[in-house]
Amino acid sequence: MTVWRDDLGSAVELAAPAGRVVSLVPSLIEAVARSAPGLLVGATDWCTHPAGLVVTRVRGTKNPERAAIIALAPDLVIANREENRKLDVVRLRDAGLAVWVTVIESVPEALASLRRLLTGPLGLGAPGWLAAAEQAWAEPPPRSSRRVAVPIWRDPWMVVGARTFTGDVLARLGLDNVFGAGPGRYPHVAAGQIRAAAPDLVLLPDEPYRFTPDDGPEEFPGHRVVLVSGRLLTWYGPTLATARADLLSLTR
């Protein structure tokens, strides 16, 4: 029996590298699928990448169908402190399942967490996309004084705030998050407050709220608005290998 430690320091005991995996985190299922697709047996309904993945669906990240997960008899369930509820982690562990919880609030944390998961309990070698991501994000941030706001929801409006993975991505692109100094991680604000903060750039992602050319930009007349794939800002799997270059191209 090998005892591994997840990102929270919790003990995760495995008799051998996990051969059956359920992921409750969309970006992490992509990481496993790109590295060893044969390991995956279950995923949430929100796990949309890679396309065409055929596994048992176990509902959402906040309301997983625990009975279905248990029935799959996975060697390991992958969760995330922000994405998933502590209650579900506890109940799955009480059912005898090994659960690996990740904690990711910055790009360095993401890269270290991915390497620890893949080369530890999954028993894999470090994939090429991870090495490419580590190299890409080792570059220093460009010099910039541009201020940015990133709404992630409307009605009510919410924005990216402090101590978030997306906020760290913005900083590493040389962008100053106008809501990055407050106490909230995803504060509720009015659209007028976003305009009043006078960002040079408003990034509107397509997830979790799906902003479109006809839904969102009209609230920010006189501001530069860029529609962007939410995966570039929030997913910390293989997307990290190209996200920096893609985002720099979109925001320059």
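Further up the page is the structure itself.
Conventions we followed
- Per-chain numbering applies: the sequence of each chain, read as written, is numbered from 1 onward.
- Selection of residues for local features in this predicted model requires a pLDDT of at least 70, selection of side-chain atom pairs for listing and counting requires 80 or more, and totals for whole chains, interfaces and linings are taken over all residues.
- Computation of side-chain values covers all heavy atoms of the structure but excludes hydrogens and water.
- Any two strands between which DSSP finds at least two bridges are classified as paired.
- Labels follow the DSSP assignment, with helices taken as runs of H or I lasting at least four residues and strands as runs of E lasting at least two, numbered in each case from the N terminus.
- Two residues form a contact once any of their heavy atoms are found within 4.5 Å.
- Axis lines are fitted to C-alpha atoms, over the contacting stretch for helices. Their N-to-C directions set the angle, which ranges from 0 to 180 degrees.
- The definition of a polar contact used here is a pair of N or O atoms within 3.5 Å, where within protein one atom must be able to donate a hydrogen and the other to accept one, and adjacent residues in sequence count solely through side-chain atom pairs.
- Type-normalised accessible area, obtained with a 1.4 Å probe on protein chains alone, sets the label of each residue: buried when under 20%, exposed when over 50%, and partly exposed for intermediate values.
- Each C-beta atom gives one direction from the helix axis, and the arc is the one those directions make.

Overall, parallel pairing links the 4 strands, which are arranged β11-β8-β12-β13 in an open sheet. Whereas interior strands pair on both sides, the edge strands pair on one side only; in this sheet they are β11 (176-177) and β13 (224-228). For strand β8 (residues 147-149) and strand β12 (residues 201-205), the ladder comprises 2 bridges, and the chain directions are parallel. From the neighbouring strand, valine 148 faces β12, where its bridge partner is leucine 201. Against the sheet, helix α9 (residues 240-251) touches β12 and β13, its axis set at about 150° to β13.

This paragraph deals with the environment of tryptophan 46. Within the secondary structure, tryptophan 46 is located in the loop between β4 (40-43) and β5 (56-57). The spatial distance from the C-alpha of tryptophan 46 to the C-alpha of leucine 24 is 8.8 Å, given a sequence separation of 22 residues. With residues up to four places along the chain from it excluded, the contact list for tryptophan 46 reads Pro26, Gly60 and Thr61.

On to the side chain of aspartate 168, then. With respect to the helices and strands, the residue aspartate 168 is situated in helix α6 (residues 165-172). There is a polar contact of 2.8 Å between the side chain of aspartate 168 and the backbone nitrogen of valine 107. Ignoring any residue separated from it by four or fewer positions in sequence, one finds aspartate 168 in contact with Glu105, Ser106, Val107 and Pro108.

Attention now moves to the sheet that holds strand β6 (residues 76-80). Strand-to-strand pairing in sheets goes through backbone hydrogen bonds, with the strands running parallel or antiparallel. Across the sheet, which stays open at both edges, the 5 strands sit in the order β5-β4-β3-β6-β7 with parallel pairing between neighbours. What marks the edges here is a single partner per strand, and that holds for β5 and β7 (99-102). Relative to β4, strand β3 (residues 21-23) runs parallel, the two being bridged by 3 bridges. The residue of β4 that forms the bridge with serine 23 is alanine 43.

In this section: the environment of valine 189. The topology assignment puts valine 189 in the loop between β11 and α7 (191-196). For the pair formed by valine 189 and proline 156, sequence separation is 33 residues and the distance between their alpha carbons is 7.6 Å.

Our focus in this paragraph is helix α3 (residues 86-94). Of the positions making up α3, those classed as buried are Asp88, Val89 and Leu92. Down the axis of α3, the buried set is contained in an arc of 100°. They therefore lie on one face. Opposite the packed face of α3, turned more than 90 degrees from it, sit the exposed residues Lys86 and Asp94. Along its buried surface, α3 packs onto α2 (66-71), β6 and β7. Where α3 terminates, the next one or two residues include glycine 96, which has phi positive at roughly 95°.

It is worth spelling out the side chain of aspartate 7 at this point. Tracing the backbone shows aspartate 7 in the loop between β1 (2-5) and β2 (11-14). Taking the relative accessible area as the measure of exposure, aspartate 7 reaches 19% and is therefore buried. A distance of 2.9 Å separates a polar atom in the side chain of aspartate 7 from the backbone nitrogen of valine 103. Sequence-distant contacts of aspartate 7, defined by excluding residues within four places in its chain, comprise Val101, Thr102, Val103, Ser113 and Arg116.

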